[in-house]
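Residue-level structure breakdown
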Amino acid sequence: MDLIDRYLAAVRRQLPEGTQDDIVQELRDSLRSEAEELEVQAGRPLDAGGQAALLKKRGHPWLVAARYLSQQYLIGPSLYPYYRKALGMVVFWVVLPIILIGGAVTTISSEASIATWISRIIPAAWNGAIYSVGIVTIVFAILEHEQVRLSVLDKWNPERLPDHDAVREVPRSESVFGLVFSLTFLIWWTGIVRAPNLVFFGSEPARIVPGPMWAPLYWPILLSLLASTAIHLVDMIRPWRTTALSLVDIGVNLFNIGIIVFMLRANNYVQVLAPADYVDRAARAEYSINNTIMVSFAGIGLILAWDVFVQIRRLVKARPARAHAL
Amino acid sequence: MDPNLFDTLRLELRRGSLTLAVLAQLRSEHYGYTLRKALVDLGLDIDEGTLYPLLRRLEAQELLTSEWREEGGRKKRFYKLSPDGRQILKQLLAEWNAINQSLDRII
């Protein structure tokens, strides 16, 4: 078997079944024809060096075969800029909290040195970043696939475009980030992906389990996440707010505020389970985690309440303007 | 300035014209090797890695027909323009001429 045969065999391995014989046969003829021409010019048979030069000019077998494959995008050019932006935002909002909250918890719950702290937090932050990248990529790959399948961007009617002054336009970055964030939370909430362990006692990771107060909240939170995901999806496809969608969004936010009020009345969000030697430290970690969660949810509740207020004010202001325009 | 900018723009400029050149050259029958040589002799350099996948794509689009025949002791795949290909080529050439005329006026 000479170099040309070995080259063709390498190309063949990369081609889809059913096309291999045809393509390889044609490439063989092309290569042999060129080799014969070179032999006539040189007046002698082509040696291994000559064959290698010829094959080198044709390109790596992997590249040659790839040119015969149909082009497919995992994430196409229309979504890629948003994918990059979402990736940056989500990684930042996952890695930063892990470092800050995890760092605080680890410091409080153990007498860890800075070196130990770094050795625990960096792998946790790394895992968090990998999870985030994976989830964001899957979400965008699904969006790309559905966009192609449903031809959402082809089936649009210019007459349905809103009057710029009469509606609030939703920035694409806001809807994409909201969608990725609610889907990420949804995936975590349904238990498809588990968060990394952040608290260690000695070399043993502590088990952090949800407290009993979550049991009645599972379905309400799931419902809220599904509604948020749907709203962000609509915002992404049709980036302006109708009164109806604004009212639905306000309703979902009020529902979320209700959930948060219910949560703030409880305080045992998580329990930290640790070996008997570390009971005191586990209690301290549990206390700091629960306080952090409570403060975070209080903050989220205030943000949601502000959002509801802004949306209602916007709707009230828009009504007279629309009436005046009519 | 991006040092590869000229190459990128040149590639974009050539992409459509290569398809047109291949279709036009296949008004008479060729197999891949002689087709490439004919194009190169006429001043249009095209590498094999571009030509052969392009031929397959044009055949899948039913603009070309092909058949395997033996010549010079080896099996070769001969391509020629299909009736649909002739129709499309006619339209593309009209478009090409219109673009050329516009460019002549612009430049």
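Turning our eyes to something else, we now look at the overall build of chain B. A tally of helices and strands in chain B yields four helices and three strands. Residue burial in chain B is summarised as follows: out of 107 residues, 21% are buried. In chain B, the share of contacts with a sequence separation of at least 24, taken over all contacts with a separation of at least 6, comes to 45%.

Attention shifts here to the packing of helix 7 (residues 172–189) of chain A against helix 8 (residues 218–237) of chain A. Each pair of packed helices can be described by the angle between their axes along with the distance between the axes. Residue and element names in this part refer to chain A. Following both chains from N to C, one finds helix 7 and helix 8 inclined at 155°, their axes separated by 8 Å at the closest point. Relative to helix 8, helix 7 is oriented roughly antiparallel. For the pair helix 7 and helix 8, the crossing hand works out as left-handed. Touching R172, S175, V176, G178, L179, S182, L183, F185, L186 and W189 of helix 7 are I221, L222, L225, S228, T229, H232, L233, D235 and M236, all from helix 8.

Residue and element names in this part refer to chain B. Even without glycine at this site, E62 takes up a positive phi of about 65°. Relative to the assigned elements, E62 resides in the loop between helix 3 (48–60) and strand 2 (64–71). Classification of E62 as exposed rests on a count of 12 C-beta atoms within 10 Å.

The subject of this paragraph is the sheet that holds strand 3 (residues 74–81) of chain B. Whether parallel or antiparallel, the strands of a sheet pair through hydrogen bonds between backbone atoms. Residues and elements named next belong to chain B. Read from one edge to the other, the open sheet built from three strands follows the order 1-3-2, with strand pairing classed as antiparallel. Of all the strands in the sheet, just strand 1 (30–31) and strand 2 have a single pairing partner and so form its edges. With two bridges connecting them, strand 1 and strand 3 associate as antiparallel partners. Counterpart to Y31 in the pairing with strand 3 is F78.

In this assembly, 13 residues from chain A lie in contact with eleven residues from chain B. Element by element, the count of residues in the side of chain A that touches chain B is highest for helix 2 (residues 20–42) of chain A, at eight residues. Of the residues that constitute the side of chain A that touches chain B, the class distribution is three nonpolar, four polar and six charged.

A separate point is the confidence of the model for chain B. Residue and element names in this part refer to chain B. Per-chain confidence: chain B averages 92 in pLDDT, with 100% of residues scoring 70 or above. Per-residue pLDDT, averaged within each element of chain B, yields its smallest value for helix 1 (residues 5–25) (90) and its largest for helix 4 (residues 83–106) (95). Reported confidences for the modelled complex are a pTM of 0.58 and an ipTM of 0.83.

Further remarks concern the nonpolar core. With 26 residues, the main nonpolar core has V11 and L27 of chain A together with L23, L26 and L64 of chain B as its most contacted residues. Elements represented by at least two residues in this core include exactly helix 1 (3–14), helix 2 and helix 4 (61–66) of chain A together with helix 1, helix 2 (32–41), helix 3 and strand 3 of chain B. Sort the elements by how many residues they give to this core and helix 1 of chain A lands first, with four residues. Setting aside anything within four residues of it in sequence, one finds L64 of chain B in contact with L26, L55, L58, E59, Y79, K80, L81, S82 and G85 of chain B. Counting residues in hydrophobic clusters, the runner-up holds 21 residues, among them Y82, V90, F140 and M236 of chain A.

Okay, helix 8 of chain A next. All names here are of chain A. In a regular helix each residue adds 1.5 Å, so 20 residues correspond to 28 Å; helix 8 covers 29 Å between its end C-alpha atoms and thus fits that length. When helix 8 is considered as a whole, its buried residues turn out to be S224, L225, S228, I231, H232, D235 and M236. Looking down the long axis of helix 8, one finds its buried residues gathered within 135° of arc, a one-sided arrangement. Along helix 8, exposed side chains directed more than 90 degrees from the buried face belong to Y218 and W219. Looking at the buried side of helix 8, the elements it contacts are helix 7 and helix 9 (243–265).

Right, let's get into the pairing of strand 2 of chain B. Residues and elements named next belong to chain B. The sheet contact formed by strand 2 and strand 3 spans eight bridges and is antiparallel. By the bridge assignment, L64 is partnered in strand 3 with L81. From the end of strand 2 to the start of strand 3, which pair antiparallel, there are two residues, and G72 there has a positive phi angle of about 65°.

Here is what the cut-offs are and how they apply
- Residues numbered from 1 in each chain as written.
- Chains lettered and ligands numbered in written order.
- Predicted model: local features only at pLDDT ≥ 70, side-chain atom pairs only at ≥ 80, totals over all residues.
- Helix = DSSP H or I, 4+ residues; strand = E, 2+ residues; numbered from the N terminus.
- Buried ≥ 20, exposed ≤ 12 C-beta atoms within 10 Å, placed from the backbone.
- Contact = placed C-beta atoms within 7 Å.
- Axes fitted to C-alpha atoms, helices over the stretch in contact; angles between N-to-C directions.
- Parallel < 35°, antiparallel > 145°, perpendicular 65-115°, else oblique.
- Left-handed = near helix turned anticlockwise from the far one by under 90°.
- Pairing = 2+ DSSP bridges.
- Nonpolar A, V, L, I, M, F, W, Y, C, P; charged D, E, K, R; others polar.
- pLDDT = per-residue confidence, 0-100.
- Core = buried A, V, L, I, M, F, W, Y, C linked by C-beta atoms within 7 Å.
- Expected span 1.5 Å × (residues − 1).
- Arc of directions from axis to C-beta.

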